[in-house]
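# Fold and contact review
Each chain, written out:
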Amino acid sequence: MLARLRAVVPPKEAHPEVSSISLTDLLPPSCFLGEGLSCVGEINTCSDEAKLKRAVIERVLTRLNKTPFEVAKHPVGDIRVFSARISRRTTAAAIYIPQAKDCIEMRRVSRGQRQEKAPGPETIDAEGIQILSYFNDCTVSAECFENMPNLRYVRAEHVNFQGTFPCFPTDLKWLQLRSCHFDSPPSEFNLEKLVILDLYETNMAPILRLKAFERLKVLSIDGVKTKITLDFMNMRSLVTLRFLYCSALTTIDESIGELKNLAHLSTSGCRLLRKLPDSIWQLSSLEVLNISRCWEFSSLPERLGELGSLKKLDLSFTRIERLPDSICQLSSLEMLVLPGTELRSIPEGLGDMESLKKIDLSRTCIEVIPDSIGQLTDLKKLFLCDSGKLRELPESICQLKLLKSLDLTGCLSLCSLPERLGDMEKLEELILDSTRIEAIPDSVGRLDNLRLLSLKGCKFIKALPISIRQLSFLQRLEMFGTNLNVGEGMLAASIGQTDFARLSSLESLDLTDCKELEYLPQLPSSLHSLRGRLVDWKSTVAVEKKFKF
């Protein structure tokens, strides 16, 4: 067993979705950042915060690498202690402990010390620490934190904590516990100033029910298998709340409606959760709602449409059969993610969600797309993969001038495409794999931005339109497993031997398992990869062995 205890700064992007937390909530004063670095004011965007964190970490690690290390011995085992002065007030330390049963005891190591020294009462001024066990659980006594009053960040993995915690650092801002265990409920934890609490397979539900966390902004509970019941009245500052793969979570308390600052709510993987509390509509700041992979989840609150700030709704792989009509009031919604649901219809008012940029209805039971979809002028991605009951697309879909990706893979009942398909002038990817489409409209030649045209497994297409030669930016043409006849049929007849070379940007051509292949016309010089039959042909010599020119 190897346990590692290391003084660190917090991970640089552990919570990228949090946009309203000031870095001053997490980090100590500017002396922690090193000379010349300071942290002032509120960080308004995720990218700004991530950049500042990276700058802090790079500066601190650079100083650490340039500073001589000290080594010491521990009386109960061979412990190597490396420490480095980063600034006038901050010392970073890394402690390696090879003995599985040793109880970790912390102490400060003076500069230049080499001899054995018993633990002393001297204060350790490290502000971040990690306790990592890579093979087996290690044991840590609560008393080891008595001499570390300045800790603001603690991360522990596979650690058994022993004792009580009356002396636990009171200025702690970020606590990460992964697969940790407490001999007794840590009821004496003083975590009033905590900003981020991240728990993985670590049950701290007792303390969450008993303590007030008025400053807590991020609460993440992952992989806890015991029942969780939380009252959110003592967590009014929460910005992010995550219950991930908590197998015993069945309900969420109605008090969640009091979290006026909550921007991100996720219950992904909580397979026994059946519904959300009715008070969910009161979350006026909610931007992300993720209920994915909640296998028993079957209904949404009727007032869901009152979540005026919601930008992403993910209900993938749930048992949802219908959406409330009020969902069409979500005028700020940008992503509607519904793959793997039992959804049978979409509300007619779909077009009222004017901010939508992505819709994923893959593996659903829908038969009809509302005509109002044409009003979604900002839509860029539309995924309908494996929607086997979908028979046609509305003509209004051609009004989606900004659409970049249309994926209809596996729509086994789809036999035709709208004639005005070419009106979608920004389309870059058109994927029609394994559909029953018999012909591609001539207007496809007007798709000036098309980069990918995929027809894999389209057994009913006999020819491509002549207009395909106009696709000067087409890079990939995938015709795996089609019945297109090259030579006497498809390409030679429809676009001619010399015209095929007009696809001047074509880099990849896949003709694998095209059983009618007899002849290849002249190919563009831009072609890098040619696949034919079951062989990956990448040279002219190899192609000549299989095809006639």
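Starting from 1, residues in each chain are numbered consecutively following that chain's sequence as written. The predicted nature of this model means local features are confined to residues of pLDDT at least 70 and side-chain atom pairs, given and counted, to a pLDDT of 80 or more, with totals for whole chains, interfaces and linings taken over all residues. Hydrogens and water molecules were not included; the side-chain quantities draw on all heavy atoms of the structure.

### Here we look at the overall build of the protein
Our working definition: Strands are runs of DSSP state E lasting at least two residues, helices are runs of H or I lasting at least four, and both sets are numbered from the N terminus onward. Per-residue accessibility, obtained with a 1.4 Å probe over protein chains only, is compared with the maximum for each type, and a residue is labelled buried under 20%, exposed over 50%, and partly exposed between these values.
Helix and strand counts for the protein stand at 6 helices and 26 strands. Expressed as a percentage of its 549 residues, the buried residues of the protein come to 54%.

### Overview of a negative patch on the surface
What counts, and what does not: Patch membership needs two things, relative accessible area over 30% and no salt bridge, and members are linked within 9 Å if like-charged or within 5 Å if nonpolar (Val, Leu, Ile, Met, Phe, Trp, Tyr). Using the Shrake-Rupley algorithm and a 1.4 Å probe, accessible areas are obtained, with residue cover drawn only from the displayed protein chains. Salt bridges are defined by distance alone: a side-chain nitrogen of Lys or Arg within 4 Å of a carboxyl oxygen of Asp or Glu. Counting rule applied: Lys, Arg positive; Asp, Glu negative; His and chain ends not counted. Lys charges are placed at NZ, Arg charges at CZ, Asp charges at CG and Glu charges at CD.
A cluster of acidic residues, D231, D253, E254 and D278, forms a negative patch on the protein surface. Positionally, D278 belongs in the loop between β14 (264-266) and β15 (288-290). Take D278: its relative accessible area is 55%, and that puts it in the exposed class.

### A few points about the environment of L199
Short version of the rule: A contact between two residues is defined here by any heavy atoms of the two lying within 4.5 Å.
As for its position among the elements, L199 is in strand β11 (residues 196-200). Judged by relative accessible area, L199 falls into the buried class, the value being 0%. Each C-alpha atom of the pair L199 and I221 lies 4.9 Å from the other, and the pair is 22 residues apart in sequence. Leave out the neighbours within four places in its chain, and L199 touches L177, M204, S220, I221 and D222.

### A word on the pattern of salt bridges
For the structure on display, the rule yields 10 salt bridges. As a salt-bridge pair, E296 and R319 come within 3.2 Å of each other at their nearest N and O atoms. Within this pair, whereas E296 is found in the loop between β15 and β16 (312-314), its partner R319 is found in the loop between β16 and β17 (335-337), the two being separated by 23 residues in sequence. Given the relative accessible area of 25%, E296 is considered partly exposed. Judged by its relative accessible area of 37%, R319 is partly exposed.

### Examining the pairing of strand β13 (residues 240-244)
Rules: When DSSP finds at least two bridges between two strands, those strands are taken to pair.
Most of β13 sits inside the fold, with 5 of its 5 residues counted as buried. Burial of the side chains of β13 extends over both faces: T240, R242 and L244 are buried on one face and L241 and F243 on the other. When strand β12 (residues 218-222) meets β13, the two strands line up parallel, connected through 5 bridges. Bridging across to β13, D222 finds its partner in L244. Where β13 lies against β14, 3 bridges are found, and the strand directions are parallel. In the strand pairing of β14, R242 is matched with S266.

### As for unusual backbone geometry
The phi dihedral of E201 is positive, around 50°, even though this residue is not glycine. Residue placement: E201 occurs in the loop between β11 and α4 (205-210). For E201, a relative accessible area of 36% gives the class partly exposed. Positioned with a positive phi, R293 is a non-glycine residue whose angle comes to about 60°.

### Focus on a positive patch on the surface
A surface patch of like charges, here positive, comprises K311, K357, K380, K381, K404 and K426. On the secondary structure map, K404 appears in the loop between β19 (381-383) and β20 (405-407). Looking at K404, the relative accessible area reads 37%, which means it is partly exposed.

### Brief notes about the packing of aromatic side chains
Which entries qualify depends on this criterion: In summary, the pairing rule links any two rings of Phe, Tyr or Trp, Trp by its six-membered ring, whose centres are within 6.5 Å, and it sorts them by plane angle into stacked for under 30 degrees, edge-to-face for over 60 and tilted for everything else.
The full count for this structure, using the stated rule, is 2 aromatic pairs. Taken together, a centroid distance of 5.1 Å and an interplanar angle of 15° make the contact between F161 and F182 stacked. Residue F161 is located in strand β8 (residues 159-162), and its partner F182 is located in strand β10 (residues 181-182); the two are separated by 21 residues in the primary sequence. For F182, a relative accessible area of 10% corresponds to the buried category. Here the aromatic rings of W295 and F317 are separated by 6.5 Å at their centres, their planes lie at 65°, and the arrangement is edge-to-face. Here F317 lies in the loop between β16 and β17 and W295 lies in the loop between β15 and β16, a separation of 22 residues in the sequence.

### Topic: the environment of R322
In plain terms, the rule: For the purposes of these results, a polar contact is taken to be a pair of N or O atoms within 3.5 Å, where, inside protein, one atom must be able to donate a hydrogen and its partner to accept one; residues adjacent in sequence count only when each atom of the pair is a side-chain atom.
Along the chain, R322 falls in the loop between β16 and β17. In the structure, R322 is positioned 21 residues away from L343 in sequence and 5.6 Å away in space, judged by C-alpha atoms. Not counting residues up to four positions away in its chain, the partners in contact with R322 are E302 and L343. Here E302 takes part through its side chain, which lies 3.3 Å from a polar atom of the side chain of R322.

### Things to note about the confidence of the model for the protein
Put simply, the rule is: Per residue, pLDDT captures the predictor's confidence, and it can take any value from 0 to 100.
Per-residue pLDDT for the protein averages 74, and the proportion of residues at 70 or more is 67%. Every residue in residues 56-121 scores below 50 in pLDDT, and together they form 154 contacts with partners more than four places removed in sequence or on other chains. Segment residues 486-498 is flagged for pLDDT under 50; beyond a separation of four residues in sequence, or across chains, it makes 35 contacts in the model.

### Regarding the pairing of β12
Of all the 5 residues making up β12, 5 are buried; the element is thus mostly covered by neighbouring parts of the structure. Residues V218, S220 and D222 point to one face of β12 and L219 and I221 to the other, with burial holding for every one of them. As defined by bridge partners, β11 adjoins β12 across 5 bridges and the pair is classed as parallel. Its bridge partner lying in β12, L197 is registered against L219.

### Looking at the environment of L307
With respect to the helices and strands, the residue L307 is situated in the loop between β15 and β16. The exposure class assigned to L307 is buried, which follows from its relative accessible area of 1%. Look past the residues within four positions of L307 in its chain and what remains in contact with it is I280, W281, L283, L286 and L330.

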